[in-house]
Amino acid sequence: VSGVSGGSEETNINVVVRCRGRNQREIKENSTVVVQADGVKGKAVGLMLGPNSLSNKSYTFDRVYSPAADQNMVFDDTVKPILDEMLAGYNCTIFAYGQTGTGKTYTMSGDMSETLGMLSGEAGIIPRVLHQLFNKLEIDDREHCVKCSFIELYNEELRDLLSIDESAKLKIYDDASRKGHAGTLVQGMEEKHIKNASEGIKVLQDGSLKRQVAATKCNDLSSRSHTVFTITAYVKKTNDQGVDDFISAGKLNLVDLAGSENIQRSGAENKRAAEAGLINKSLLTLGRVINALVDRNSHIPYRESKLTRLLQDSLGGRTKTCIIATISPAKANLEETISTLDYAFRAK
Ligand code: ADP
Ligand code: MG
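For clarity, every value in this text was computed on a predicted model and none was experimentally measured. (Residues numbered from 1 in each chain as written. Chains lettered and ligands numbered in written order. Predicted model: local features only at pLDDT ≥ 70, side-chain atom pairs only at ≥ 80, totals over all residues. Heavy atoms only, no water.)

K.L.:
Would you mind going over the overall build of the protein with me for this structure?
P.N.:
Per the secondary structure count, the protein includes nine helices and 15 strands. For 348 residues, the compact-globule estimate of 2.2 N^0.38 gives 20 Å, and the C-alpha radius of gyration of the protein, at 20 Å, lies within 12% of that figure. Considering the protein as a whole, with its 348 residues, one finds that 51% of them fall into the buried category. Restricting the contact set of the protein to residue pairs at least 6 apart, pairs at least 24 apart contribute 67%. As displayed, the protein has an accessible area near 16,400 Å², and 50% of this comes from carbon and sulfur atoms. If the 44 positive side-chain charges of the protein are averaged to one point and the 44 negative ones to another, these points end up 4 Å apart. (Helix = DSSP H or I, 4+ residues; strand = E, 2+ residues; numbered from the N terminus. Rg over C-alpha atoms; globule rule 2.2 N^0.38 Å. Buried < 20%, exposed > 50% of the residue type's maximum accessible area, 1.4 Å probe, protein only. Contact = heavy atoms within 4.5 Å. Areas by Shrake-Rupley, 256 points an atom, 1.4 Å probe, with all protein chains shown as cover. Lys, Arg positive; Asp, Glu negative; His and termini not counted. Charge placed at Lys NZ, Arg CZ, Asp CG, Glu CD.)

K.L.:
Explain the site of ligand 1 to me, please; I cannot follow it from the model alone.
P.N.:
All residues adjacent to ligand 1 are Arg18, Arg20, Gln99, Thr100, Gly101, Thr102, Gly103, Lys104, Thr105 and Tyr106. Separating an oxygen atom of ligand 1 from a backbone N or O atom of Gly103 is a distance of 3.1 Å. Contact distances for ligand 1 include 2.7 Å between an oxygen atom and a backbone N or O atom of Tyr106. Out of a free accessible area of 560 Å², ligand 1 has 61% covered by protein chains. (Near = heavy atom within 4 Å. Polar contact = N/O pair within 3.5 Å; in protein donor to acceptor, adjacent residues only side chain to side chain.)

K.L.:
What is the right way to look at the pairing of strand β10 (residues 169-175) in this model?
P.N.:
Here is the key point about a regular strand: its side chains alternate between the two faces of the sheet. Looking at chain direction, strand β9 (residues 157-160) and β10 are connected through two bridges and run antiparallel. Across the sheet, residue Arg159 finds its bridge partner in β10, namely Lys169. Here β10 pairs with strand β11 (residues 183-187) via five bridges, running antiparallel. Bridge assignment links Asp174 to a residue of β11, and that residue is Thr184. (Pairing = 2+ DSSP bridges.)

K.L.:
Help me out: how do you make sense of the environment of Asp77 in this one?
P.N.:
Looking at the element boundaries, Asp77 is found in helix α2 (residues 71-87). With 14 residues separating them in the primary sequence, Asp77 and Arg63 have C-alpha atoms 9.1 Å apart. Here the side chain of Asp77 touches Lys41 through a polar contact of 3.0 Å, side chain to side chain.

K.L.:
Explain helix α9 (residues 334-346) to me, please; I cannot follow it from the model alone.
P.N.:
Helical geometry note: an α-helix holds 3.6 residues per turn, so side chains three or four residues apart project in the same direction. With 13 residues, α9 extends 18 Å from end C-alpha to end C-alpha; this agrees with the ideal 18 Å at 1.5 Å per step. Those residues of α9 not exposed but buried are Leu334, Glu336, Thr337, Ser339, Thr340, Leu341, Tyr343 and Ala344. (Expected span 1.5 Å × (residues − 1).)

K.L.:
Please explain the nonpolar core as it appears in this structure.
P.N.:
Nonpolar side chains in soluble globular proteins generally cluster together in the buried interior. Among the nonpolar cores identified, the biggest contains 43 residues, and Phe61 and Phe95 are the most heavily contacted of them. Top contributing element to this core by residue count: helix α7 (residues 270-294), with six residues. For Phe61, the contacting residues outside a window of four places in its chain are Val15, Val17, Lys43, Val45, Leu341, Ala344, Phe345 and Lys348. The next biggest cluster of nonpolar side chains, apart from the first, holds 40 residues, and it includes Ile82, Cys148, Ala197 and Cys322. (Core = buried A, V, L, I, M, F, W, Y, C linked by side-chain atoms within 4.5 Å.)

K.L.:
Would you mind showing me how to read the packing of aromatic side chains here?
P.N.:
For any pair of aromatic rings, the description rests on two quantities: the centre-to-centre distance and the angle between the ring planes. Under the definition given, this model contains five aromatic pairs. Judged by centre distance (5.9 Å) and plane angle (70 degrees), the ring pair of Tyr59 and Phe345 falls under edge-to-face. Placement of Tyr59 in strand β4 (residues 56-65) and of Phe345 in helix α9 is noted, with a sequence separation of 286 residues between them. With relative accessibility at 38%, the residue Phe345 sits in the partly exposed group. Summarising the aromatic geometry, the rings of Phe61 and Phe345 are spaced 5.9 Å apart at their centres and angled 90 degrees between planes, so their arrangement reads as edge-to-face. Of the two residues, Phe61 is situated in strand β4 and Phe345 in helix α9; the sequence distance between them amounts to 284 residues. In this structure Phe61 comes out as buried when scored by relative accessible area, which is 3%. A network of ring pairs unites the aromatic residues Tyr59, Phe61 and Phe345 as a single cluster. (Phe/Tyr/Trp six-rings, centres within 6.5 Å; stacked < 30°, edge-to-face > 60°.)

In structure tokens, the structure reads:
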């Protein structure tokens, strides 16, 4: 039996939307703003679909960030609570979902640089998580061990962004050793032990660079692949009586998904179409897994894609999931924006 949420267990899925400002191209092309968020961090987002207010459409989410919301705001009220869950020993996942060019990578990684150990204001979720995690572990002063891994999924194939062997493909196996919550093992995956935030950021930078190098060789790689940066924290704890040491292990997956436009479009050429089909498989299956969890179905189709197999022990059951849907405010992208908001809304 897989990790299905039952009676007493909660499915904890948070869905937020982030709208960026218009980019240079949208301004130059005079593409009007058709997306309206209420406040900097409200709960509703409105779309202007036609010339008058009768043709407006609005959605509500757990949180909606307008273009005025900065990286710190997103971290503070969306990410921090999930980091606390991870430190309490639960598996958590944060997804960035949206059309290419709407800010998925900006939101997840952003500016990865450090100056004298300080992050830039443009730093995204992963560098901020690493800093906050080690701050907390130092304050708590408990014995701990933190590891991270960084994987790319393209065409239903897993590549290790931390491995020296660039072409090595990773294989996923069912992990029979763990009773209770079913999970998978990735054979041969590098797990780097990190002693501080800077070491984790170095891992993120190096892996991202490898991905970029590959993306320049293969045009669509960056919009068609998913990346999963996983942080696992093992913390030594004591029970209420202050005795019986035990280790709590919490995991946080930070997922920069393939562009959501890949879910519908399939290129003209056969090869492209096949690729799009395969990318569809992980993106579509993720949507179906999340819908099944929200609807509390008894069958969750984890096994139907590599992405959902990889994340199986971190979706459903006693886990926390957050989907950050990123959108453009411009009329030129309205169709994709609607499809992103529909996908995100179904996950609520
Ligand atoms: P994606 O990963 O979804 O394809 P990117 O994260 O690469 O999109 O964003 C595309 C461009 O828009 C980048 O130059 C990025 O810095 C910028 N950008 C995206 N979101 C924001 C935002 N909220 N504020 C400022 N710049 C943004
Ligand atoms: Mg990106």
